[in-house]
There are 2 protein chains.
Amino acid sequence: MKPAITSKNLCSIIFAVPLGLLFTSATNAAEQQTNSTHARFDKKGQLIRPSGYREWIFIGAPLTPNDMNDGKAAFPEFHNVYIDPGSWDHWKKTGEFRDGTVIVKELVSVGGKQAPSGNGYFQGDYIGLEAMVKSKHHLPDANGNWGFFRFTIENSPQLHKSASAQPEENCMACHQAKAAKDQMFLQYYPVLRAAAGKGEQGTGR
Amino acid sequence: MKPAITSKNLCSIIFAVPLGLLFTSATNAAEQQTNSTHARFDKKGQLIRPSGYREWIFIGAPLTPNDMNDGKAAFPEFHNVYIDPGSWDHWKKTGEFRDGTVIVKELVSVGGKQAPSGNGYFQGDYIGLEAMVKSKHHLPDANGNWGFFRFTIENSPQLHKSASAQPEENCMACHQAKAAKDQMFLQYYPVLRAAAGKGEQGTGR
């Protein structure tokens with residue numbers, strides 16, 4: 001009697017299923033890595049300090065050094081600012097910040113003001129970390145659903161492991177009043193401006 | 001007679017080969033994307049302008065504004081400096097610049113000196129692009145096999161499509177004499193310093 005399932009079509013069945021699973025699995029893993037939000041909150045509702053952000057997309061480096069602010073800069077020295085990769089992809093496509101966007105601002109001391117290339121400002125060491133996160137779920141009542149978080153411990157090389165959103169008067173009041181778009185000071189971030197809705201055209205010249 | 005190849009082991013053979021190929025192929029594609037050098041030279045030996053570099057790894061933003069250099073800065077205003085991803089991976093593992101490393105420096109005008117966050121320097125628009133490339137093949141006689149390339153067209157928003165290596169006295173003399181490591185001014189690049197040979201530990205705090 002001829003078997004209903006031959007070795008040939010048995011192979012096809014066995015072969016097709018795991019291959020399909022494999023492709024689905026690989027695609028999902030890649031998409032999750034890119035598209036999943038890096039905004040992670042603990043059980044108390046505090047934002048867990050993001051990691052690996054120096055491999056995210058750099059968007060700008062505003063500088064408000066102490067010596068230009070009577071020694072009392074609100075945000076001392078360099079800020080290296082990054083957006084998470086999935087939200088960058090969304091920004092390139094749409095020119096909008098998606099729910100779950102994480103913007104990290106790493107504070108860097110002024111290491112020097114004179115170099116072989118001339119007089120100026122040159123980055124020294126890491127002195128702090130802040131983030132802003134857009135989350136409907138965690139920040140339902142905030143303007144644009146943005147929250148501002150500070151991991152810096154003053155006069156310490158350490159950082160907090162998690163942080164609560166800052167009171168509205170600390171950050172939001174100024175961002176709401178002065179920022180060019182959706183609480184972001186887009187006017188100081190050429191990387192974001194060049195890429196908004198422009199896809200790959202915005203990634204270089 | 002029992003067949004030498006049963007449907008079961010026939011499947012195992014057929015199944016194992018394409019799966020192995022598939023994994024090899026996927027791994028190779030990913031490795032090539034990450035590890036292949038972005039240094040591309042045309043038939044005349046000129047470096048073709050890199051693309052997509054705003055998605056590379058940001059390493060620092062030295063600033064030598066005109067107003068701190070008697071209006072004659074050698075490198076006007078902000079420099080946004082990036083390293084290509086494959087060479088970044090190599091740097092994280094070894095603390096060395098591999099053959100094929102591309103460092104891009106995008107020049108950005110000072111857009112303003114006053115913002116809601118304080119007095120300082122804030123990025124404006126793109127005004128130029130330079131690169132340094134390490135290549136034994138293309139720069140066999142240069143110090144560390146590094147070459148320096150300038151795509152900027154003065155007073156124009158356009159850039160050259162390709163560029164020849166600059167004469168030694170234009171860039172190398174200073175880099176050779178003053179740079180902290182392998183012609184790179186590592187002293188101004190905390191991102192590189194933190195990651196040298198440290199793997200993922202160097203990607204954030």
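In this numbering scheme, every chain counts its residues from 1 along its sequence in written order. The naming scheme follows written order: chains are lettered A onward, ligands numbered 1 onward. Residues qualify for local features only when their pLDDT is at least 70, as the model is predicted, and side-chain atom pairs are given and counted only at 80 or more; totals for whole chains, interfaces and linings, by contrast, use all residues. The side-chain values count all of the structure's non-hydrogen atoms but skip hydrogen atoms and water molecules.

## Topic: the overall build of chain A
- The helix and strand labels rest on DSSP assignments: H or I over at least four residues marks a helix, E over at least two residues marks a strand, and numbering proceeds from the N terminus. Across its full length, chain A holds four helices and eight strands.
- Sequence-ordered secondary structure for chain A, helices as α and strands as β, is α-β-β-β-β-α-β-β-β-β-α-α.
- For each residue, the accessible area found with a 1.4 Å probe, counting protein chains only, is set against the maximum for its type, and the residue is called buried under 20%, exposed over 50%, and partly exposed in between. Scored against the burial criterion, the 205 residues of chain A give a buried share of 45%.
- In what follows, a contact means two residues having at least one pair of non-hydrogen atoms within 4.5 Å. Intrachain contacts of chain A at a sequence separation of at least 6 include 53% that bridge at least 24 residues.
- Only the protein chains shown count as cover for residues, with accessible areas throughout obtained via the Shrake-Rupley method and a probe of 1.4 Å. Only carbon and sulfur atoms are counted for the fraction: they give 53% of the accessible area of chain A, which is about 10200 Å².

## Quick look at the environment of A:Cys174
- Examined against the element boundaries, A:Cys174 turns out to sit in helix α3 (residues 172-178).
- Here A:Cys174 is in contact with A:Ala179, A:Phe185 and B:Pro116, once residues within four sequence places are set aside.

## Some words on the relation of the copies chain A and chain B
- Here the copies were fitted onto each other by least squares, based on C-alpha atoms from residues at pLDDT of at least 70 in both. The two copies are related by a screw operation: chain A maps onto chain B through 180° of rotation and 0.0 Å of translation along the axis, at an RMSD of 0.0 Å. Considering both components of the superposition, the chain copies are consistent with a two-fold axis.

## Let's talk about the nonpolar core
- One finds A:Ile59, A:Ile103, A:Leu192, B:Ile59, B:Ile103 and B:Leu192 to be the most contacted residues of the largest nonpolar core, which totals 94 residues.
- Beyond its immediate chain neighbours, meaning those up to four positions away, A:Leu192 contacts A:Ile59, A:Trp88, A:Trp91, A:Phe97, A:Met184 and A:Leu186. In these notes, a set of buried Ala, Val, Leu, Ile, Met, Phe, Trp, Tyr and Cys residues joined through side-chain atoms within 4.5 Å is what counts as a nonpolar core.

## What to know about the pairing of strand β4 (residues 77-83) of chain A
Residue and element names in this part refer to chain A.
- A large share of β4 lies buried, amounting to seven of its seven residues.
- Across three bridges, strand β2 (residues 57-60) lies against β4 in antiparallel orientation. Paired with Phe58 across the two strands is Tyr82, which belongs to β4.
- In this description, strands pair whenever DSSP reports at least two bridges between them. The pairing of strand β3 (residues 63-64) with β4 spans two bridges and is classified as antiparallel. Within β4, the residue paired with Leu63 across the bridge is Phe78.
- Summarising the sheet, β4 and strand β5 (residues 102-115) pair through six bridges and their orientation is antiparallel. By the bridge assignment, Val81 is partnered in β5 with Lys105.

Just geometry here; none of it tells us what the structure is for.
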